[in-house]
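Spelled out, the chains give:
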Amino acid sequence: MTAPAATTADQTPAFSEYRGVWVYVQHRAGIAAPVSWQLLGVGRELAQQIGVPVGAVVVGSDVGHLCQEAIACGADTVYLIDNPILRDYRTQPYASAVAQLIRKYRPEVVLYGSTVHGRDVAGAVATVARTGLAADATQLAIEQDGHLLHASRPDFGGKLMSTILCKRHRPQMATCRPGVFPTPEPDPSRRGEIIEEPLGVAENDVPTRVLEFIPESRHVDLSNAEIIVAGGRGLGGPKAFDMLFELAQVVGGVVGASRAAVMAGWIPYQHQVGQTGQTVRPRIYIACGISGAIQHLVGMQDSDIIIAINSDAEAPILKIADYAIVGDMFQIVPALTRRLRERLAEPSADGHSGPERGTESANGLEPPPPRSQKEDRSG
Ligand SMILES: Cc1cc2nc3c(=O)[nH]c(=O)nc-3n(C[C@H](O)[C@H](O)[C@H](O)COP(=O)(O)OP(=O)(O)OC[C@H]3O[C@@H](n4cnc5c(N)ncnc54)[C@H](O)[C@@H]3O)c2cc1C
């Protein structure tokens, strides 16, 4: 299918009129979700390959400060709509605002985080802008000729990679998993342009009201965790998760889980790592009693250091582990917790103790190598 020809007023513009790679900057109350910066990093790479600028879309109330953050992370231009109507996230005004910017400035690619917020707004924008949306991409590439975006994701239970192309519509849009792409090092000296637009929606046009915001009582932030202690079916029941929570607390980490443990009702879904859970990229991932099914591995294989404890020497997770410990976790985990607690209590040369001791050994373990030095396990 070839691109449509140039237009009259209510026709689709020619593909050649769309230019630039945009990233939607997701935030809550003005604090950006890290996936926004991760996508600016990969968005910049794509844009450089085809020689186009990078745009960031900042939509909200009192969010002007995010513009400079976006520029520092790689945006050339920030498109800002700042209006009190946008104080709380609501699908309709947010989607209208993004679609309004797309209609006016015509980017060829728009990327969103695959979060609850990102998926919601992207789906609504796709409907308003009459374009396609690839969901949950874990790899992105772009063709030099025609600038066709290749958004790839694991499919059929992780056994296949599907690549989704949007050949007939612009912009090409994709939601991308948090934690898959590295966060770029911000450069505060970068300069860029900020274009502010008024919101084309009035409060009376919005059919929903936010009456109250009740935060989840036990929020689990797996995607930003530096250390994850994850448990699987090998734990045998919910009680055994206590020892993982204890280890996580000692090392300043959070607890993850396999789907088997979640499906058994031992731990809530928000802890699940993997294809149908969260994709994580911590510095250290400690897998306890997890066999290493492909659907689990796709969610954690990019961790800097993988420590796997399993009683079965043939368990697949041991093959991708940096430290493979064959044995009974009911003996190993408490011993590890005890040893780490003692080690972290020991005063260091500067007289401090505990996890705050210093970034080079904040967890009492040797510092992991930078991500760039790890071999590619995705093969
Ligand atoms: C469409 C689809 C999506 C899926 N999405 C996900 C997903 O997002 N995340 C996910 O995790 N799975 C997912 N799965 C499920 C996945 O295929 C596996 O079934 C699941 O990961 C297995 O979990 P597990 O490793 O905890 O359990 P098991 O495979 O049963 O492994 C338990 C392990 O514990 C070890 N063990 C037992 N006792 C001990 C002990 N005392 N000490 C040490 N080790 C011990 C055993 O040797 C074994 O290796 C998905 C499946 C499908 C079809």
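What counts, and at which threshold
- Residues numbered from 1 in each chain as written.
- Predicted model: local features only at pLDDT ≥ 70, side-chain atom pairs only at ≥ 80, totals over all residues.
- Helix = DSSP H or I, 4+ residues; strand = E, 2+ residues; numbered from the N terminus.
- Buried ≥ 20, exposed ≤ 12 C-beta atoms within 10 Å, placed from the backbone.
- Contact = placed C-beta atoms within 7 Å.
- Expected span 1.5 Å × (residues − 1).
- Near = placed C-beta within 6 Å.
- Nonpolar A, V, L, I, M, F, W, Y, C, P; charged D, E, K, R; others polar.
- Axes fitted to C-alpha atoms, helices over the stretch in contact; angles between N-to-C directions.
- Parallel < 35°, antiparallel > 145°, perpendicular 65-115°, else oblique.
- Left-handed = near helix turned anticlockwise from the far one by under 90°.
- pLDDT = per-residue confidence, 0-100.
- Arc of directions from axis to C-beta.
- Pairing = 2+ DSSP bridges.
- Core = buried A, V, L, I, M, F, W, Y, C linked by C-beta atoms within 7 Å.

Visitor: Can you tell me about the overall build of the protein chain, naming the residues and giving the values?
Guide: When you go through the protein chain residue by residue, the secondary structure sums to 9 helices and 17 strands. Burial status across the protein chain gives 43% buried among its 379 residues. The long-range share in the protein chain, meaning contacts at least 24 apart out of those at least 6 apart in sequence, stands at 64%.

Visitor: Before we move on, could you go through helix α1 (residues 34-50) and cite the residues and values that matter?
Guide: The end-to-end C-alpha distance of α1 is 25 Å, a good match for the 24 Å that 17 residues give at a rise of 1.5 Å each. Within α1, the full set of buried residues consists of V35, S36, W37, Q38, L39, L40, V42, G43 and A47.

Visitor: Residues and numbers for the site of the ligand, please.
Guide: Neighbouring the ligand are 29 residues; G232, G234, R259, A260 and G274 lie closest to it. Listing elements by their share of the shell around the ligand, those giving two or more residues are α6 (259-263), α7 (294-300), β16 (305-310) and α9 (329-345). Residues of the shell around the ligand, tallied by class, amount to 9 nonpolar, 16 polar and 4 charged.

Visitor: Explain the packing of helix α3 (residues 91-105) against helix α4 (residues 116-129) to me, using residue names and the numbers behind them.
Guide: Relative to each other, α3 and α4 sit at 55 degrees, their axes nearing to 9 Å. Taken together, the axes of α3 and α4 lie oblique to each other. Crossing angle aside, the handedness with which α3 passes α4 is right-handed. Judged by residue contacts, T91, Y94, A95, S96, V98, A99 and I102 of α3 engage D120, V121, A124, V125, V128 and A129 from α4. Split into classes, the residues belonging to the contact of α3 with α4 amount to 10 nonpolar, 2 polar and 1 charged.

Visitor: Tell me about the confidence of the model for the protein chain, residues and numbers included.
Guide: Confidence in the prediction for the protein chain averages 88 pLDDT; 87% of positions are at 70 or higher. A low-confidence stretch, residues 1-10 (pLDDT under 50), is modelled with 12 contacts involving residues beyond four sequence positions or located in other chains. Overall, residues 354-379 carries pLDDT values under 50, and its contacts beyond four positions in sequence, including any with other chains, amount to 31 contacts.

Visitor: Could you give an account of α9, with specific residues and numbers?
Guide: For α9, which comprises 17 residues, the first-to-last C-alpha distance of 23 Å matches the rise-based estimate of 24 Å (1.5 Å per residue) to within 8%. For α9, the full list of buried residues reads M329, V333, L336 and L344. Angular distribution of buried residues about the axis of α9 spans 65 degrees; they occupy a single face of the element. Of the exposed residues in α9, those oriented more than 90 degrees away from the buried face are Q331, A335, R339, E342 and A345. Each element contacted by the buried residues of α9 is listed here: α5 (241-251), β15 (284-288) and β16.

Visitor: Describe the sheet that holds strand β8 (residues 139-142), listing the residues and the values that go with them.
Guide: If you trace the 3 strands from one edge of the open sheet to the other, you get β8-β9-β10, paired in antiparallel fashion. Looking at which strands have only one partner, the edges of the open sheet turn out to be β8 and β10 (160-164). Averaged over all neighbouring strand pairs, the angle between strand axes comes to 25 degrees, with direction disregarded. Two elements, strand β9 (residues 149-155) and β10, share 5 bridges in a ladder whose sense is antiparallel. Within β10, the residue paired with S152 across the bridge is T163.

Visitor: Before we move on, can you summarise the sheet that holds strand β14 (residues 254-257) with the specific residues and values?
Guide: As summarised here, the arrangement of the 5 strands in space is β14-β13-β15-β16-β17, forming an open sheet in which the pairing is parallel. The open sheet has two free edges, formed respectively by β14 and β17 (323-326), since each of these has just one partner strand. Each strand axis lies, on average, 20 degrees off the axis of its neighbour in the sheet, ignoring direction. Pairing of strand β13 (residues 227-231) with β15 involves 5 bridges; the strand directions are parallel. Within the sheet, the bridge partner assigned to A230 lies in β15 and is A287. Helix-sheet contacts for α5 involve β13, β14 and β15, and the interaxial angle to β13 is about 170 degrees. Sitting on the sheet, α9 is in contact with β15, β16 and β17, with an inclination near 135 degrees to β16.

Visitor: Before we move on, can you summarise the environment of A324 with the specific residues and values?
Guide: By the secondary structure assignment, A324 is in strand β17. On the basis of neighbour count, A324 is assigned to the partly exposed category, with 17 C-beta atoms found within 10 Å. Between the alpha carbons of A324 and A308 there is a distance of 5.1 Å; along the sequence they are 16 residues apart. Those residues in contact with A324, other than ones at most four positions away along the chain, are A308 and L318.

Visitor: Give me the lowdown on the nonpolar core, citing residues and values where you can.
Guide: Membership of the largest hydrophobic core comes to 57 residues, with the highest contact counts inside it found for V57, V58, A70, V98 and A174. Per element, the largest residue contribution to this core is 7 residues, and it comes from α3. Residues in contact with V58, not counting those within four places in the same chain, are V25, V63, L66, C67, A70, V78 and L80. Among the nonpolar cores identified, the runner-up in size contains 42 residues, and A261, I284, I286 and A315 belong to it.

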